[in-house]
Amino acid sequence: QVQLVESGGGLVQPGGSLRLSCAASGSIFSVNVMGWYRQAPGKQRELVAVIFSGGSRSYADSVKGRFTISRDNAKNTVDLQMNTLKPEDTSVYYCNVRARSSTYDQYEDYWGKGTLVTVSS
């Protein structure tokens, strides 16, 4: 099993910045994709950003140029630097990791419990 622990959420004013962090631990042989998703009240969960094992990244159009995703493969961590935050960025942010426990296992998706980001004056 793989456990994910997120940190860094909170209240920030519009235009401000926050950095989210997620650490994966447990029975990890290798990690493929790491990413962040978010879900606002009454809305479906949506992709924010993902980063692949080779370092390539993909972002939702709504956050391009404002958010940056990064990962530390040695530590199995993924961060999301969020700048120029807007009220519409208010959501619960979830860390997602696709990992496997051995070379014989298939990759599985794991989710964190979520961290709340509130952008408000």
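No experiment lies behind these values; they were computed from the predicted model shown.

### Considering unusual backbone geometry
Move 1: Phi is positive for Asn76, which is not a glycine, with a value near 55 degrees.
Move 2: Note on placement: Asn76 falls in the loop between β7 (67-72) and β8 (77-82).
Move 3: The exposure class assigned to Asn76 is buried, which follows from its relative accessible area of 18%.
Move 4: Phi is positive for Thr84, which is not a glycine, with a value near 50 degrees.
Move 5: Positionally, Thr84 belongs in the loop between β8 and β9 (91-100).

### Side note on the pairing of strand β11 (residues 115-119)
Move 1: Burial along β11 is one-sided: Thr115, Val117 and Val119 are buried, while Leu116 and Thr118, pointing the other way, are not.
Move 2: Bridging between strand β2 (residues 10-12) and β11 involves three bridges; their strand directions are parallel. By the bridge assignment, Gly10 is partnered in β11 with Val117.
Move 3: Taken together, the three bridges between β9 and β11 define a ladder with antiparallel strand orientation.

### Considering the sheet that holds β7
Move 1: One open sheet accounts for four strands, arranged β1-β3-β8-β7; its pairing is antiparallel. Taken across any chain shown, the strands that pair with only one partner, and hence form the sheet edges, are β1 (2-7) and β7. Along the sheet, successive strands turn relative to each other by an average axial angle of 15 degrees, direction set aside.
Move 2: Pairing between β7 and β8: six bridges, direction antiparallel. Residue pairing across strands places Asp72 opposite Thr77, the latter belonging to β8.

The rules behind these values
- Residues numbered from 1 in each chain as written.
- Predicted model: local features only at pLDDT ≥ 70, side-chain atom pairs only at ≥ 80, totals over all residues.
- Heavy atoms only, no water.
- Helix = DSSP H or I, 4+ residues; strand = E, 2+ residues; numbered from the N terminus.
- Buried < 20%, exposed > 50% of the residue type's maximum accessible area, 1.4 Å probe, protein only.
- Pairing = 2+ DSSP bridges.
- Axes fitted to C-alpha atoms, helices over the stretch in contact; angles between N-to-C directions.

Remember, this is a structural readout, not a statement about activity or role.
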